[in-house]
Amino acid sequence: MNQFLESINSFFTGGDQLPWCSPDIIAGCEKEVAEASNDASDEAKGEGIMRLSWALVHSRQPEDVQRGIAMLEASLVNTSSPLQKREKLYLLAVGYYRSGDFPKSRMLLEQALEIAPDWNQALSLKKAIEDRITKDGVIGIGITATAVGLIAGGIAAALIRKN
């Protein structure tokens, strides 16, 4: 019975395997970026910003996720390394997934997979997105079918009362 309830909960919550990030970790990354901006090399600044971006898109707070998306989109333009581009595209996909924009997330993952087709992390997230899109479609069909049934039942009841 417990497994059954867990599977129902997983169906409605999404059941993805992405980690969450605590506000404490985000605060630590923000402090690291602030310290690095004063006297660190460009490479150290970039690494700090990547860690902060990772933490933000894995946050439970929607405003943090949006901030992470904005940081990644701004830094993606200046990325020349294919490995860094792949990482940023993946983190953007995580951010959009967390925001509920599944089509945009899937598009970004497809771009990351063009760079690294066998990347398990991206393939796993892509499957989670496709499962979520399918689930949302099933729920939408169920709601529509219920509404049609209620309308038809109401019409039938009205006709029966009329006679």
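Note: the structure precedes this text.
Conventions and cut-offs
- Residues numbered from 1 in each chain as written.
- Predicted model: local features only at pLDDT ≥ 70, side-chain atom pairs only at ≥ 80, totals over all residues.
- Heavy atoms only, no water.
- Helix = DSSP H or I, 4+ residues; strand = E, 2+ residues; numbered from the N terminus.
- Phe/Tyr/Trp six-rings, centres within 6.5 Å; stacked < 30°, edge-to-face > 60°.
- Buried < 20%, exposed > 50% of the residue type's maximum accessible area, 1.4 Å probe, protein only.
- Core = buried A, V, L, I, M, F, W, Y, C linked by side-chain atoms within 4.5 Å.
- Contact = heavy atoms within 4.5 Å.
- Expected span 1.5 Å × (residues − 1).
- Arc of directions from axis to C-beta.
- Polar contact = N/O pair within 3.5 Å; in protein donor to acceptor, adjacent residues only side chain to side chain.
- Axes fitted to C-alpha atoms, helices over the stretch in contact; angles between N-to-C directions.
- Left-handed = near helix turned anticlockwise from the far one by under 90°.
- Nonpolar A, V, L, I, M, F, W, Y, C, P; charged D, E, K, R; others polar.

(A) Structural view of the environment of Cys29. With respect to the secondary-structure elements, Cys29 resides in helix α2 (residues 23-39). Taking the C-alpha atoms as reference, Cys29 lies 6.5 Å from Arg51; in sequence the two are 22 residues apart.

(B) Broad picture of the packing of aromatic side chains. Using the criterion set out here, one finds two aromatic pairs in the structure. Judged by centre distance (5.0 Å) and plane angle (55 degrees), the ring pair of Tyr90 and Trp119 falls under tilted. In this pair, Tyr90 is assigned in helix α5 (residues 82-99) and Trp119 in the loop between α6 (102-115) and α7 (120-162), connecting sequence segments 29 residues apart. The same class applies to Tyr90 and to Trp119, which are both buried.

(C) Structural detail: the nonpolar core. The biggest cluster of nonpolar side chains holds 25 residues, and the ones touching the most others in it are Tyr90, Leu92, Tyr97, Leu109, Trp119 and Leu125. Those elements giving two or more residues to this core turn out to be α4 (62-76), α5, α6 and α7. Among the elements that line this core, the one with the most residues is α5, at eight residues. When residues no more than four places from it in sequence are discounted, the contact partners of Leu92 are Ile69, Leu72, Glu73, Leu76 and Leu108.

(D) Seen up close, helix α3 (residues 42-57). The first and last C-alpha atoms of α3 sit 22 Å apart over 16 residues, in line with the 22 Å expected at 1.5 Å per residue. Those residues of α3 lying buried are Gly48, Leu52, Ser53, Ala55, Leu56 and Val57. If you follow the buried residues of α3, they end up packed against α2, α4 and α5.

(E) Structural context of α6. With 14 residues, α6 extends 20 Å between its outermost C-alpha atoms, agreeing within 8% with the 20 Å of an ideal straight helix rising 1.5 Å per residue. Among the residues of α6, Phe102, Ser105, Leu108, Leu109, Ala112 and Leu113 are the ones counted as buried. One side of α6 carries all its buried residues, which in axial view fall inside an arc of 145 degrees. Among the exposed residues of α6, those oriented more than 90 degrees off its buried face are Pro103 and Glu114. For α6, the capping residue at the N-terminal end is Asp101, with a side-chain oxygen 3.3 Å from the backbone nitrogen of Lys104.

(F) Highlighting the environment of Arg86. In this fold, Arg86 is placed in helix α5. By relative accessible area, Arg86 is classed as buried at 15%. It is 7.8 Å that separates the C-alpha atoms of Arg86 and Gln111, two residues lying 25 residues apart in sequence. Every residue in contact with Arg86, bar those within four places of it in the chain, is listed here: Ala112, Ile115, Ala116 and Trp119.

(G) The arrangement of the packing of α3 against α4 in detail. Put simply, α3 and α4 touch, their axes get as near as 7 Å, and they point 145 degrees apart. In terms of crossing hand, the pair formed by α3 and α4 is left-handed. Only Asp64, Val65, Arg67, Gly68, Ile69, Met71 and Leu72 of α4 make contact with α3, whose side of the interface consists of Ile49, Met50, Leu52, Ser53, Leu56 and Val57. Residues of the contact of α3 with α4, tallied by class, amount to nine nonpolar, two polar and two charged.

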